[in-house]
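Each chain is listed here by its residues.
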Amino acid sequence: MNAFQAPKGTYDLLPPDSAAFLAVRTAIAAPLRTAGYGYVETPAFEHVELFARGVGESTDIVTKEMYAFSTKGGTDLALRPEGTASVLRAALEANLHKAGNLPVKLWYSGSYYRYERPQKGRYRQFSQVGAEAIGAEDPALDAELIILADQAYRSLGLREFRILLNSLGDKECRPVYREALQGFLRGLDLDEETLRRAEINPLRVLDDKRADVQKQLVGAPLLRDYLCDACKAYHEEVRALLTAAGVAFEDDAKLVRGLDYYTRTTFEFVHDGLGSQSAVGGGGRYDGLSEMIGGPALPSVGWALGVDRTVLALEAEGVVLDVPSATDVYAVPLGEEARRVLFGVVTRLREEGVATDFSYGGKGLKGAMKNANRSGARYALVAGERDLAEGVLQLKDMESGEQRPVALDAVVETVKAALA
Ligand code: AMP
């Protein structure tokens, strides 16, 4: 092991690439802020039962992928593998649902942890921005969330993504379907583990990525043919609202997703430039989750978008984000007096919002100008003793190489005007 190697399945975000991550997080959050979602932050770990009960005892996330551990005090905790259960737990703990203003709309941004087999687009620590609307059953809320995610991706410049949509039914119709599907799966030639899954969580088998399994699933009963009238009407309304909003989607009768808490609306955002890890985001309605974790009935809907994969999707489409430059102006002092004066100018420029850096460490002109170049700054501000005696600084255009003296007492305005 190399002493500087990050753990398997993790990676560091470093400049300049880290700027794109920040921009993606900001862009995903922007539509949520304009739609009444408030920011929520929860701990990176929770009691392990929250996820066992919430996400589901039969899911891969809980059985295989959770970073679970006992503390020295004997408490069983787990690093959060997803955000929804935690956010709902936090809302219940704070009684947000009793404040009389349902739905409670929350958004979050953070790191999540799953012990998965790492590959491109799949990590053991990854970053999501998510949104949850808690405590209301209204197809407009499901549509709102899908529209907001669509807006977020579009605002980033993403085009080659698709929205897959399905309904998983509710506690009335899903059990009937579940039985029909189980009957079908029992007749197939499946390995033991898959047969076991068919008994515990048959819908998950539909999600099996293996071609030989998918071949056998042709002709499997589909939930859409089993939806009760209420679920059917609800789903049609979601579809109609999306269509009216001009948001294109594809009906995907086999979309089930890997978490047990979903009911009715489920959706996934997939990007075609990403290979096997094509899901950039997903979500759905989870009307039973609150009761599963011991709370009151609170029908809710939400999504989480993967920041890592969104960045990969942008790369795949060749979209370069317009991130503000790290350094607009680089100050190069020549001599002690110039150092003091220029340092003051740097502080004033920064106060005015101009991204400014300074040549530290007493470098000579040549070394300092090399750093100015590497910083990507548009202008260098150079000052020596003779300049100061004349009350000026030299403003050098790093693109053209041209240099002109500017009055020291007007330098902030001059630089701002030059950059505008
Ligand atoms: P999920 O909670 O599984 O529905 O995931 C929601 C989104 O989070 C996915 O669409 C991915 O973009 C992202 N995501 C989930 N797991 C990982 C992972 N192991 N590595 C990177 N991104 C992930």
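Let me sum up the structure you'll find in this document.

About the cut-offs
Numbers given for residues are sequential positions, taken from 1 along each chain in its written order. Given that this is a predicted model, residues contribute local features only at a pLDDT of at least 70 and side-chain atom pairs are listed and counted only at 80 or more, while totals for whole chains, interfaces and linings are drawn from all residues. With hydrogens and water stripped out, all remaining heavy atoms of the structure feed into the side-chain values. Where helices and strands are cited, they refer to DSSP runs of H or I of at least four residues and of E of at least two residues respectively, numbered from the N terminus. Contacts are assigned to residue pairs with any non-hydrogen atoms lying within 4.5 Å of each other. Using the Shrake-Rupley algorithm and a 1.4 Å probe, accessible areas are obtained, with residue cover drawn only from the displayed protein chains. When charges are counted, Lys and Arg contribute as positive and Asp and Glu as negative, whereas His and the chain ends are disregarded. In plain terms, the charge of a residue is placed at NZ if it is Lys, CZ if Arg, CG if Asp and CD if Glu. Note on definitions: angles span 0 to 180 degrees between N-to-C directions of axes, and those axes are lines fitted to C-alpha atoms, for helices only across the stretch in contact. Every angle not falling under 35 degrees, over 145, or within 65 to 115 is termed oblique; those three ranges are roughly parallel, roughly antiparallel and roughly perpendicular. Whether a crossing is left-handed or right-handed is set by the direction in which the near helix is turned from the far one by less than a right angle, anticlockwise for left-handed and clockwise for right-handed. Three categories are distinguished: nonpolar for Ala, Val, Leu, Ile, Met, Phe, Trp, Tyr, Cys and Pro, charged for Asp, Glu, Lys and Arg, and polar for the others, with Gly belonging to the last. Whether a residue is near a molecule or strand depends on its heavy atoms: if one lies within 4 Å, it is near. Whenever two N or O atoms come within 3.5 Å, that pair is a polar contact, provided that in protein one can donate a hydrogen and the other can accept it, and provided that, for residues adjacent in sequence, both atoms are side-chain atoms. Any residue under 20% of the maximum accessible area for its type is buried, any over 50% is exposed, and the rest in between are partly exposed; the area is computed with a 1.4 Å probe on protein chains only. The pairing criterion is simple: DSSP has to find at least two bridges between the two strands. For this analysis, a salt bridge means a side-chain nitrogen from Lys or Arg found within 4 Å of a carboxyl oxygen belonging to Asp or Glu.

A count of helical and extended segments in the chain gives 16 helices and 16 strands. Considered along the principal axes of its C-alpha atoms, the chain spans approximately 90 × 55 × 45 Å. Residue pairs in contact within the chain that sit at least 24 positions apart in sequence constitute 69% of those at least 6 positions apart. Approximately 20,400 Å² of the chain is accessible, and the part contributed by carbon and sulfur atoms is 51%. Separation of charge centres in the chain, based on 49 positive and 60 negative side chains, amounts to 4 Å.

What follows is about the packing of helix H5 (residues 139–156) against helix H10 (residues 229–244). H10 packs onto H5 with a crossing angle of 40 degrees between their chain directions and a minimal axis gap of 9 Å. Taken together, the axes of H5 and H10 are oblique relative to one another. Classified by chirality, the crossing of H10 by H5 is right-handed. For the pair H5 and H10, the contacting residues are Pro139, Ala140, Asp142, Ala143, Ile146 and Ile147 in the first and Tyr234, Glu237, Val238, Leu241 and Leu242 in the second. Grouping the constituent residues of the contact of H5 with H10 by class yields 9 nonpolar, no polar and 2 charged.

So, on to the site of the ligand. With respect to spatial proximity, 15 residues lie near the ligand, and among them Arg114, Glu116, Tyr123, Gln128 and Arg257 are the closest. At 2.8 Å, a side-chain N or O of Arg114 approaches an oxygen atom of the ligand. Within the contact set of the ligand, an oxygen atom lies 2.9 Å away from a side-chain nitrogen or oxygen of Gln128. In isolation the ligand exposes 480 Å². Once the protein is present, 92% of that is buried. Broken down by secondary-structure element, the contributors of at least two residues to the shell around the ligand are strand E6 (125–134), strand E10 (279–285) and strand E11 (300–306). Broken down by element, the residue count for the shell around the ligand peaks at 3 residues, all from E10. When the residues that make up the shell around the ligand are grouped by side-chain class, the tally is 6 nonpolar, 4 polar and 5 charged.

The next subject is unusual backbone geometry. Note that the residue after Pro15, namely Pro16, is joined by a cis bond; omega there is 5 degrees. Tracing the backbone through its elements, the reader meets Pro16 in the segment before helix H1 (18–33). The omega torsion across Leu102 and Pro103 is 0 degrees, close enough to zero to call that bond cis. Its location among the elements puts Pro103 in the loop between helix H4 (84–93) and strand E5 (104–113). For Asn95, which is not glycine, the phi torsion reads 55 degrees and is therefore positive. By secondary structure assignment, the location of Asn95 is in the loop between H4 and E5. Not every positive phi belongs to a glycine, and Arg264 is a case in point at roughly 50 degrees. Looking at the element boundaries, Arg264 is found in strand E9 (residues 263–271).

As a further point, take the pairing of strand E14 (residues 379–383). With respect to burial, E14 is a largely interior element, 5 of its 5 residues being buried. Here E14 shows no split at all, with Tyr379, Leu381 and Ala383 on one side and Ala380 and Val382 on the other all buried. Sheet analysis places strand E12 (residues 329–333) next to E14, joined by 5 bridges and oriented parallel. Counterpart to Tyr330 in the pairing with E14 is Ala380. The sheet contact formed by E14 and strand E15 (residues 392–397) spans 4 bridges and is antiparallel. Each residue of the ladder has a partner; that of Val382, found in E15, is Gln394.

On to the pairing of strand E16 (residues 403–407), then. Sheet topology places E15 next to E16; 5 bridges connect them, and they run antiparallel. What sits directly across from Lys396, in E16, is Gln403. Taking the residues that link successive antiparallel strands as the turn, the E15-E16 hairpin has 5 residues, and the phi of Gly401 there is positive, at about 85 degrees.

Tracing the sequence through the fold places Glu82 in the loop between strand E4 (76–79) and H4. One buried charged residue, Glu82, remains without a salt bridge, the closest side chain of opposite sign being Arg114 at 5.9 Å. Within the structure, the side chain of Glu82 is placed 2.8 Å from the backbone nitrogen of Ala85, a separation counted as a polar contact. A distance of 2.4 Å separates polar atoms of two side chains, one belonging to Glu82 and the other to Tyr261.

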